[in-house]
Amino acid sequence: MAADLSDHAVLVTGGGTGIGRACAARLAADGAHVTICGRTESKLQDAVQRIGRDNVRYIVADITDEASVEATVAFASEATGGLSGCVANAGGGGGLAPTSKQDTAEFTRVLELNALGTFLCLKHTLPKLVESGHGSFVGMSSIAGRLVHPYFGGYGAGKAALEQLCRVAADEYGHLNVRVNAIRPGFIATEIMEGIDRGGEIYDSYVQNTPMPRLGEPEDIAELARFLIGPESSWITGQVIEVDGGHSLRRGPNFGPFAVQL
């Protein structure tokens, strides 16, 4: 049976939709006091309503702004007087183009959203996680952080940087009983993936390269995030775990139809 998390306060960034909302719901189901954050208040309000538990609340925040992250961590810690966990889920991609045609400002924005945002979450949650005596940080990477995804610009680079940040922090803080891991989701059925036609060329390239040929669901990721936050994973740290139906055994998808051509 899963442990009771009623003594855990957990921050979930990017918690208004998709994977973040599913992680918040799963943690709250086991009693955790969950704070979700994001940039769009209406999405956060909708997520709290959908989850439907009084141990979930929200704060509007931008994870690429250090003052905003610092205030968010303080707010998330109010529920129990400390912080036991963080699921750093907020991230995202940008325009698709070959490297020579990438817009520099857009590349930088995507890199900062995924790498800098995770760094700031680590920087400001780690002291709280140390104080808790059993802290756990979960970064949200992507199979694009490992497999080549042509035309993705700063996204794969940002996710690869995120993974290394988590490994380094795991090594630095393990002796203080803080665990730091990351998850690599595959193709998950979230709002951001709705633009890919089911049965189209890009979709087929995913399915053909996935031994378990179905889309992942946000709940598939949430189950692992819950395990990594909880005491059941007390001797797991510095790991990047794929949840992708085996897609990482093969190759990345072909997003060529969406990209500016060479």
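See the structure shown above.
Residues numbered from 1 in each chain as written. Predicted model: local features only at pLDDT ≥ 70, side-chain atom pairs only at ≥ 80, totals over all residues. Heavy atoms only, no water.

Caption draft 1: How the structure looks around the overall build of the chain. Each helix and strand in the chain was counted, giving 7 helices and 7 strands. Each helix and strand of the chain, ordered N terminal to C terminal, gives the series β-α-β-α-β-α-β-α-β-α-β-α-α-β. At 18 Å, the chain has a C-alpha radius of gyration in line with the 18 Å of a compact globule built from 262 residues. Considered along the principal axes of its C-alpha atoms, the chain spans approximately 55 × 40 × 35 Å. Buried positions account for 52% of the 262 residues belonging to the chain. Long-range pairs, those at least 24 residues apart, make up 71% of the contacts in the chain between residues at least 6 apart in sequence. Accessible area for the chain stands at about 11600 Å²; split by element, carbon and sulfur atoms hold 53% of it. Between the centroid of the 21 positive side chains of the chain and the centroid of its 30 negative side chains there is a distance of 4 Å. (Helix = DSSP H or I, 4+ residues; strand = E, 2+ residues; numbered from the N terminus. Rg over C-alpha atoms; globule rule 2.2 N^0.38 Å. Buried < 20%, exposed > 50% of the residue type's maximum accessible area, 1.4 Å probe, protein only. Contact = heavy atoms within 4.5 Å. Areas by Shrake-Rupley, 256 points an atom, 1.4 Å probe, with all protein chains shown as cover. Lys, Arg positive; Asp, Glu negative; His and termini not counted. Charge placed at Lys NZ, Arg CZ, Asp CG, Glu CD.)

Caption draft 2: Main features of the side chain of arginine 184. You can see arginine 184 is positioned in strand 6 (residues 179-185). Engagement of the side chain of arginine 184 in a polar contact is seen with the side chain of glutamate 163, the distance being 2.7 Å. If we skip the residues at most four places from it in the chain, arginine 184 touches Ser141, Ser142, Ile143, Arg146, Glu163, Arg167, Val240, Ile241, Glu242 and Val243. (Polar contact = N/O pair within 3.5 Å; in protein donor to acceptor, adjacent residues only side chain to side chain.)

Caption draft 3: Structural view of helix 6 (residues 201-208). Among the residues of helix 6, Ile202, Tyr203, Ser205 and Tyr206 are the ones counted as buried. Looking down the long axis of helix 6, one finds its buried residues gathered within 160 degrees of arc, a one-sided arrangement. The exposed set on the far side of helix 6, more than 90 degrees from its buried face, consists of Glu201 and Gln208. (Arc of directions from axis to C-beta.)

Caption draft 4: Quick peek at the pattern of salt bridges. The final tally for this structure, using the stated rule, is 13 salt bridges. Taking the shortest distance from any N to any O, the salt bridge between arginine 226 and glutamate 232 comes out at 3.0 Å. Residue classification places arginine 226 among the buried positions, given a relative accessible area of 3%. Using a relative accessible area of 35% as the deciding quantity, one classes glutamate 232 as partly exposed. The network of salt bridges with common partners includes Arg26, Asp30, Glu223, Arg226 and Glu232. (Salt bridge = Lys/Arg side-chain N within 4 Å of Asp/Glu carboxyl O.)

Caption draft 5: Structural view of helix 4 (residues 104-132). Spanning 29 residues, helix 4 covers 41 Å between terminal C-alpha atoms, matching the ideal 42 Å at 1.5 Å per step. Of all the bends in helix 4, the greatest reaches close to 40 degrees and is centred on threonine 125; the proline proline 127 follows between one and four positions later. One side-chain oxygen of the residue at the start of helix 4 lies 3.2 Å from the amide nitrogen of alanine 105, identifying that residue as aspartate 103. Taken from the residues just after helix 4, glycine 133 is the one with a positive phi, measuring 85 degrees. (Expected span 1.5 Å × (residues − 1). Bend = angle between axes of the 7 residues up to and from the residue.)

Caption draft 6: Main features of the environment of alanine 115. Tracing the backbone shows alanine 115 in helix 4. Among the residues examined, alanine 115 registers a relative accessible area of 12% and is labelled buried. Excluding its chain neighbours within four sequence positions, the residues that come into contact with alanine 115 are Gly158, Ala161 and Leu165.

Caption draft 7: Main features of the packing of helix 1 (residues 18-29) against helix 2 (residues 41-51). Their axes nearest at 10 Å, the elements helix 1 and helix 2 cross at an angle of 40 degrees. Handedness of the crossing formed by helix 1 with helix 2: right-handed. On helix 2, the residues touching Arg21, Ala24 and Ala25 of helix 1 are Asp46, Ala47, Arg50 and Ile51. Each residue belonging to the contact of helix 1 with helix 2 can be placed in one class, and the counts come to 4 nonpolar, no polar and 3 charged. (Axes fitted to C-alpha atoms, helices over the stretch in contact; angles between N-to-C directions. Left-handed = near helix turned anticlockwise from the far one by under 90°. Nonpolar A, V, L, I, M, F, W, Y, C, P; charged D, E, K, R; others polar.)

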